[in-house]
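# A look at the structure
Listed here are the chains, written in short residue letters.
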Amino acid sequence: KEFQESNKGCCFGLLRFSWCPSSQREFDSIYRRDATRLETYGVAILRSSNSSQSNKNSKVVGICKGRRYGQMETFEDRLIHRPKPGEFYIDSLA
């Protein structure tokens, strides 16, 4: 309740990524145009317990896509939220 009343956060909506299909080129176009967006993107990787096959059996199990003030935005980013100076915004957490 305290978090909600602080006016410091908002949950826009939760969607499965399979509901929002796009091509690889469309998905990563923002990162080709503004490489600083890569600095605010994280990937959680689950590695195999067998060290000799850790890369072979690794898989992505989560992502965090963020944005800070001044970084390039897509049209959809601007519709949802535009970060203010000193603010870091989480676009997607999956």
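First, a word on scope: everything that follows refers to the structure included in this document. On a predicted model such as this, the values are computed, not experimentally measured, just so you know. (Residues numbered from 1 in each chain as written. Predicted model: local features only at pLDDT ≥ 70, side-chain atom pairs only at ≥ 80, totals over all residues. Heavy atoms only, no water.)

### Some points on the pairing of strand β2 (residues 59-68)
Here six bridges tie strand β1 (residues 41-46) to β2, and the two strands are oriented antiparallel to one another. Across the sheet, residue V43 finds its bridge partner in β2, namely I63. Two strands pair when backbone bridges link them, and β2 and strand β3 (residues 88-93) are joined in this way by five bridges, in the antiparallel orientation. Looking across to β3, one finds that R68 is bridged to F88. (Pairing = 2+ DSSP bridges. Helix = DSSP H or I, 4+ residues; strand = E, 2+ residues; numbered from the N terminus.)

### Structural notes on the sheet that holds β3
Think of a sheet as strands paired side by side through backbone hydrogen bonds, with each pair either parallel or antiparallel. Overall, antiparallel pairing links the three strands, which are arranged β1-β2-β3 in an open sheet. Each edge of the open sheet is held by one strand with a lone partner, namely β1 and β3. Going across the sheet, the axis of each strand differs from the next one's by a mean of 20°, ignoring polarity. (Axes fitted to C-alpha atoms, helices over the stretch in contact; angles between N-to-C directions.)

### Re the pattern of salt bridges
Summed over the entire model, instances satisfying the criterion amount to seven salt bridges. For the salt bridge of R67 with D77, the shortest nitrogen-to-oxygen distance reads 3.9 Å. Here D77 lies in helix α3 (residues 75-80) and R67 lies in strand β2, a separation of ten residues in the sequence. Both residues of the pair, R67 and D77, count as buried. Here D91 and R67 are joined by a salt bridge, their closest N and O atoms 2.6 Å apart. Of this pair, D91 sits in strand β3 while R67 is found in strand β2, placing the two residues 24 residues apart along the sequence. A single salt-bridge network, built from bridges that share partners, covers R37, R67, E73, D77, R82 and D91. (Salt bridge = Lys/Arg side-chain N within 4 Å of Asp/Glu carboxyl O. Buried < 20%, exposed > 50% of the residue type's maximum accessible area, 1.4 Å probe, protein only.)

These figures come from the coordinates and say nothing about function on their own.
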